[in-house]
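Structural characterization, general
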Amino acid sequence: MSSPPLDATGPQAGAPDVAGPPPSGWTARLRARTLDTMSAEDLLPDRQPAYVASWIYVFGVATLAALLVVLVTGLVLAAAGPDWWHVSGVGHFVNSLHLWSVEIFFFVMVVHLWGKFWMAAWRGHRALTWMTGVLSFLVSIGAAFTGYLIQTNLDSQWISSEAKDGINASGAGAFWNVLDVGQMMLWHVTLFPLGVGLIAVLHVLLVRRHGVVPPLEAPAALDVDAGARLDADTEGRVSLP
Amino acid sequence: MTTTWRGPTRPYDLVKEFVAALGIVALLTVVLAAVFSSPDEHAVTLQDWARADPHDFVATAAGELAGTTTSAGYGPPYTAEGESQSIGFLHLEQWAGTRIPVRPADDFVIGPLTATPHDTPVTAALAAWNGATADGRTAWASAYVDALAKAKDGDPAAVAPGDYGPVPALSAGLLALASGGGLDAAAVGAPATTPSGFYGTDSTRSILFLADGAYLDDLAGARHLHGDQWGMMNETGNYPGQPWLWLYSFWYQVPPFTGAWEANADAIIWGLMMVLSAALLFLPFIPGLRSIPRRIPVHRLIWRSYYRRYGRSTSRG
């Protein structure tokens, strides 16, 4: 069996990185659309634009930190099983940690969301960043809601009996049964965390790829490449020199 | 395509910021958990209900046989009969179908009694029930439901004489079964969607039956958990619950959802929340809404130190 000829313009040839034909093949295209779009400096920069100097920026990072605490405390609860926290003092404390980390998570996420709204943070090729953030918020609501449904106590009995009417009325209740604690438990401990986690990762990568949105009314905004073109779509124009 | 800022920059340690945030959030979580704990009122069992409020339990059991309970007339996804909600011409609940079939009389009363050994009166009552026509069963059960409603405190012992057939014996038999704890482990606890009841992971029937009575509703009302008490976002005790559901709960407190649209309030509110969520998601593309941050300049507060140092552009920026 003969080997295919080496591509003299490819990396194997040791040639310098010059403009060539667009990448072909699934692997090359995936690399071009992912890894090649960002440098290590883009991923983990040690400098930020001068305007990144406000307390509002803390809430994005705080949301990620709270999500991590939510996941870790949830993992401990999941590892011990659904009844543990009812019969163990330690389990009840871990449940309390899980509850309060969720409350903190939503608080800082909502402040982050409002902050980004008033910044019009979708400007300059950042619409997808905004949308993944909103999607993460909405999926997190589902995750938290199912957490309340699987407590296997009076709260979960009442909340599920009340919530079924709304979800049934939407037609979704026929497939997503909030009275089925087994189904809700699997959604809460697998599908929702997976969804929130993946969307959060994508959101962070988009933030790193496009950077922090520059100020409205910036005198010398140099949000180059994407900014000028996309602003026409999003009405979030920045002034180029 | 990446986007690069070509203006002035400053040192910024992202990793250090994340680690500090993680430490503060973790510490705050521990303090809040240690000080406030978390609520855990034990789940109500059918035995609890039968013992604490036997009159309500008997009235509910009779209602299941008569087909007058919420579950019996719910409609999709539980029963074929019953009025489903709609948003105008969108009958989503109806279109989704009866995918979680529940037969309240059989699943909540007759089935559990049949599956459990009983004394002679209950056995005879089951035979009479099974031998009767559907109309005859409904007539007996409806008469008994009406009689219980008229009796002092709903007490079965105070019911006026009448033609109730086997219904009083069946209701009393179910009360005895539940009081002993047998009903929690019987067919009511079995999954609604699978034939075997060995693994009790589906609580559909148990909660539907429990919610048909007044007992659970009374417990919830005393804890400010009703729908008209912002119940969807509350939980027992003085805990924050789910404040992020405030907008969803809000609609249930105001007209026309409490008045003219009440019959379809769940469907309409769900539709409304879907539209609002979509608007939030696609906000960057909605003219007018996306301009609000420019017209209400909160950003001048956010970026005040930058503007102080570098000034603001007079151009539309």
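First, a word on what this report is: a plain description of the structure on this page. Please read these numbers as outputs of a predicted model, since none were measured by experiment. (Residues numbered from 1 in each chain as written. Chains lettered and ligands numbered in written order. Predicted model: local features only at pLDDT ≥ 70, side-chain atom pairs only at ≥ 80, totals over all residues.)

To continue, consider the overall build of chain A. Scanning chain A for helices and strands turns up 9 helices and 2 strands. Counted from the first residue to the last, chain A has its helices and strands arranged as α-α-β-α-α-α-α-α-α-β-α. Among the 241 residues that make up chain A, the fraction classed as buried is 47%. Partitioning the contacts of chain A with sequence separation of at least 6, the portion at a separation of at least 24 is 67%. (Helix = DSSP H or I, 4+ residues; strand = E, 2+ residues; numbered from the N terminus. Buried ≥ 20, exposed ≤ 12 C-beta atoms within 10 Å, placed from the backbone. Contact = placed C-beta atoms within 7 Å.)

Looking now at helix H7 (residues 154-169) of chain A. All names here are of chain A. Between its first and last C-alpha, H7 extends 24 Å over 16 residues, near the 22 Å set by a 1.5 Å rise per residue. Along its length, H7 reaches its greatest deviation from straightness, about 30 degrees, at Ala163. Counting buried residues along H7, 14 of its 16 residues qualify, which places the element largely inside the surrounding structure. Of the residues trailing H7, Gly171 is marked for its positive phi of about 90 degrees. (Expected span 1.5 Å × (residues − 1). Bend = angle between axes of the 7 residues up to and from the residue.)

Further remarks concern the interface of chain A and chain B. Listed by partner, the interface residues are 99 residues for chain A and 88 residues for chain B. Elements with a contribution of two residues or more to the side of chain A that touches chain B: strand E1 (47-49), helix H3 (58-80), helix H5 (89-118), helix H6 (127-149), H7, helix H8 (181-210), strand E2 (223-224) and helix H9 (227-234) of chain A. Among the residues making up the side of chain A that touches chain B, the classes are represented as 57 nonpolar, 28 polar and 14 charged. Sheet topology places E1 of chain A next to strand E2 (residues 9-11) of chain B; 3 bridges connect them, and they run antiparallel. Looking across to E2 of chain B, one finds that Arg47 of chain A is bridged to Pro11 of chain B. (Nonpolar A, V, L, I, M, F, W, Y, C, P; charged D, E, K, R; others polar. Pairing = 2+ DSSP bridges.)

In this structure, Ala66 of chain A together with Ala62 of chain B are the most contacted members of the largest nonpolar core, which totals 112 residues. With residues up to four places along the chain from it excluded, the contact list for Ala62 of chain B reads Ala141, Tyr144, Val145, Leu148, Val167 and Ser171 of chain B. Membership of the second largest hydrophobic core comes to 8 residues, among which are Tyr252, Ala267, Ile269 and Trp270 of chain B. (Core = buried A, V, L, I, M, F, W, Y, C linked by C-beta atoms within 7 Å.)

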